[in-house]
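The primary structure of each chain is shown beneath.
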Amino acid sequence: MEVLSPLQPRAVFHYFEELCAIPHGSGNTKAVSGWCAAFAKARGLEYHQDALNNIIIIKEAAPGYEGAEPVILQGHLDMVCEKEPGCPKDLEREGLDLEVDGDFVTARGTTLGGDDGIAVAMALALLDARDIPHPRLEVVLTVDEEVGMLGAAALDVSPLRGKTLINLDSEEEGVFTVSCAGGNRTECVLPVKREPFAGVRMTISMGGLTGGHSGTEIHRGRANANVLLGRCLRAVSARTELRLGEAAGGSKDNAIPTESRAQIVVSDEAAARAALRELEANLRREYRSTDPELFLRAEPSQWEGSPMDRASTERAVCLLTCLPNGVQAMSGDIPGLVQTSLNLGILTTGAEELRACFSVRSSLGSQKEALKDRLTCLTQALGGRTQYSGDYPAWEYREESPLRDRMVQVFREQNPQITLTLTEGSSAALSEKLLERKLDFFLEAEPLQDPKIQSVAWCTEEIVLAVPARLPINRELAEYRYSFDELLKRNEPGCKKPPVPLQAFREEPFLLLQKGNDIYERSMELCRNAGFVPKTSS
């Protein structure tokens, strides 16, 4: 019996379940591509399959729609294959074990591959349907998207006639993605030398982290096990003589690693353990909201190899300490959008080198190149080299898009039942209703420190300082003053004035709202940042 058979749309979940029964990680897509080809052949549909396993399936227009412009629907066949510690499944050879938990479909012990299996399922369901009017449909399913758009880069597009493409690789229904980061895979390679070193051998294990996909969850501030391992090595080296033997963590450059491990040799075991205890306490405090299960362990090591020499260890620790990671820039056009980021997804060591592999992303090509330069400069300064693969361009935001406008119009026509209901309450009460699915979203002045709730910046507000006309400081700061009419027009071209230097008011009395009010807290913080505590009057 199909696990997903009760779910709607039934055809979509039917094909998704069939897909999940076929191993289809990046680089392992021959079988799933063959499944798509067999689907097309059985229905008499035109299809084009290449040596990389990309496949294009074409369905001619329904009667009456022959004159309509063709539409391209695009998704990708491969998924990110990750599994929980202790999970015995061989993701190269076995399908997934699907489960339904309330409103969620999951895979037991492994990633689900909803990115982008749901696109494949939707496309096949549409191709199979006989009751949906449609223009010529051109379904493009590429491979190895998760490791650098490799299939798309080699795709032969000559069978395609469409000029309108809808990419089915978003996260939420009813949310249209209107831009996308470009990226690449960057490897920082550091040569190392090894020699014997007398000392105590230890295994450092960093784990219990939340992890996630670096393309969709890098902004959540979750800990990266490889980055924290670098902090561990640095903390130990500051207390005692250290030699690094091995360091390893993560298996996918675009997955935030949840575990990382190092083999080390130290002169003073007690000092090393003390340093790690202190660091663990700090890390648990830093990541108590995002990674509540974080742990750091130091255990006797059975590793018997020769460690890196002193110079190589110092360079390796420096590299792991200084490499950038996480969000580097946020978009100025779209609130809450990560513009540039990178993820240290894979860390490995060999006999003669240490490798740090990143997934680099940016919606601006210039910032992507700047980040590549930054990694190159640091690695070369330490005697290493960088190498790049899977480079793909950014899809930059367009202010005017007829397709986007049409998509929004159709969504509203198809969902007239969607209405807006306003509910007032405290942050705690609204958070509870959100978690109970009684609300779709709510507005809050500050991001919530709850890992179960996603906070997205919606807008930036200005705080206006109202100053009595009788105060002499009005004359001193005339260039910053707004009349009431000017204040209403301040966002028009040429009407904006610079922010007032708040420190100029350090000797002036302030009239503030009561403690506990958000504006009070913000006002106090602004004054403290300006170097003073305001004098308040009642």
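A brief structural summary. (Residues numbered from 1 in each chain as written. Predicted model: local features only at pLDDT ≥ 70, side-chain atom pairs only at ≥ 80, totals over all residues. Heavy atoms only, no water.)

## Concerning the environment of T379
Among the structural elements, T379 can be located in helix α8 (residues 365-381). The class of T379 is buried, set by a relative accessible area of 0%. In this structure the C-alpha to C-alpha distance between T379 and K515, which are 136 residues apart in sequence, comes to 50 Å. With sequence-adjacent residues up to four places away left out, T379 is seen in contact with C188, V189, L319, G384, R385 and T386. (Helix = DSSP H or I, 4+ residues; strand = E, 2+ residues; numbered from the N terminus. Buried < 20%, exposed > 50% of the residue type's maximum accessible area, 1.4 Å probe, protein only. Contact = heavy atoms within 4.5 Å.)

## Section: the sheet that holds strand β7 (residues 164-167)
Reading across the sheet, the five strands line up as β1-β2-β6-β3-β7 and stay open at both edges, with mixed pairing between neighbours. Whereas interior strands pair on both sides, the edge strands pair on one side only; in this sheet they are β1 (46-49) and β7. The mean angle between the axes of side-by-side strands here comes to 20°, regardless of whether they run parallel or antiparallel. When strand β2 (residues 55-59) meets strand β6 (residues 137-142), the two strands line up antiparallel, connected through five bridges. Within the sheet, the bridge partner assigned to I58 lies in β6 and is E138. Here helix α3 (residues 114-128) sits on the sheet in contact with β2, β3 (71-76) and β6, set at roughly 140° to β3. (Pairing = 2+ DSSP bridges. Axes fitted to C-alpha atoms, helices over the stretch in contact; angles between N-to-C directions.)

## Thoughts on unusual backbone geometry
Omega for the peptide link from Q8 to P9 comes to 0°, which places this bond in the cis form. Following the sequence through the fold, P9 ends up in the segment before α1 (10-20). In the segment running from D115 into D116, the intervening peptide bond is cis, with an omega of 10°. Inspection of the secondary structure puts D116 in helix α3.

## Some remarks on the pattern of salt bridges
Throughout the structure, instances matching the rule amount to 22 salt bridges. Measuring nitrogen to oxygen at the nearest pair gives 3.4 Å for the salt bridge that ties E486 to K497. Of this pair, E486 sits in helix α12 (residues 484-488) while K497 sits in the loop between α12 and β19 (509-510); the two residues are 11 residues apart in sequence, bridging distant segments of the chain. What makes K497 partly exposed here is its relative accessible area of 24%. If you follow the salt bridges from partner to partner, you end up with K89, E94, D97, E99 and R108 in one network. (Salt bridge = Lys/Arg side-chain N within 4 Å of Asp/Glu carboxyl O.)

## Some thoughts on the layout of surface pockets
In this model, the second largest pocket occupies a volume close to 1300 Å³. If you go around the second largest pocket, you meet 39 residues; those closest to its centre are I463, V464, L465, A466 and V500. For the lining of the second largest pocket, the secondary-structure elements that each account for two or more residues are α11 (473-476), α12, β19 and α13 (518-529). Partitioned by chemical class, the residues of the lining of the second largest pocket number 27 nonpolar, four polar and eight charged. (1 Å grid on protein atoms, 1.4 Å probe; cavity = no way out; pocket = protein on both sides within 12 Å on 5 of 7 lines; lining within 4 Å. Points joined across faces, edges and corners; volume = space filled by probe spheres on them. Nonpolar A, V, L, I, M, F, W, Y, C, P; charged D, E, K, R; others polar.)

## Re a nonpolar patch on the surface
Together, I463, L513, I519 and L526 line one region of the surface with nonpolar side chains, adding up to about 350 Å² of accessible area. With relative accessibility at 46%, the residue I463 sits in the partly exposed group. (Patch = residues over 30% accessible without salt bridge, like charges linked within 9 Å, V, L, I, M, F, W, Y side chains within 5 Å. Areas by Shrake-Rupley, 256 points an atom, 1.4 Å probe, with all protein chains shown as cover.)

## Some details on a negative patch on the surface
Taken together, D333, E399, E400 and D405 make up a surface patch of like negative charges. Mapped onto the elements, E400 comes out in the loop between β18 (385-392) and α9 (402-414). On the basis of relative accessibility, which here comes to 67%, the residue E400 falls in the exposed class. (Lys, Arg positive; Asp, Glu negative; His and termini not counted. Charge placed at Lys NZ, Arg CZ, Asp CG, Glu CD.)

## Considerations on helix α7 (residues 310-322)
The end-to-end C-alpha distance of α7 is 18 Å, a good match for the 18 Å that 13 residues give at a rise of 1.5 Å each. Burial in α7 covers these residues: S312, T313, A316, V317, L319 and L320. Seen along its axis, α7 keeps its buried residues to an arc of 160°; they face one direction. In this structure, the buried side of α7 is in contact with β8 (182-191), α5 (225-237), β11 (242-249), β16 (338-349), β17 (353-362) and α8. (Expected span 1.5 Å × (residues − 1). Arc of directions from axis to C-beta.)

## Some details on the environment of T111
With respect to the helices and strands, the residue T111 is situated in the loop between β5 (104-107) and α3. Not counting chain neighbours up to four residues away, the residues in contact with T111 comprise M79, V80, C81, E82 and L96. Reaching out from T111, the side chain makes a polar contact with the backbone oxygen of V80 at a distance of 2.7 Å. (Polar contact = N/O pair within 3.5 Å; in protein donor to acceptor, adjacent residues only side chain to side chain.)

## Observations concerning the packing of aromatic side chains
Evaluation of the coordinates by the stated rule reveals two aromatic pairs. Between R297 and the ring centre of F295, over which it is positioned, the NZ or CZ distance is 3.8 Å. Cation over ring: K372 sits above Y388, and NZ or CZ is 4.4 Å from the ring centre. (Phe/Tyr/Trp six-rings, centres within 6.5 Å; stacked < 30°, edge-to-face > 60°. Lys NZ or Arg CZ within 6 Å of the ring centre and 35° of its normal.)

## A few points about the pairing of β3
For β3, a buried count of six out of six residues is recorded, marking the element as mostly surrounded by other parts of the structure. The side-chain alternation of β3 yields two buried faces, one formed by V71, L73 and G75 and the other by I72, Q74 and H76. The pairing of β3 with β6 spans six bridges and is classified as parallel. Bridge pairing in β6 links I72 to E138. Bridge count between β3 and β7: four bridges; the pairing is parallel. Paired with I72 across the strands is L165, a residue of β7.

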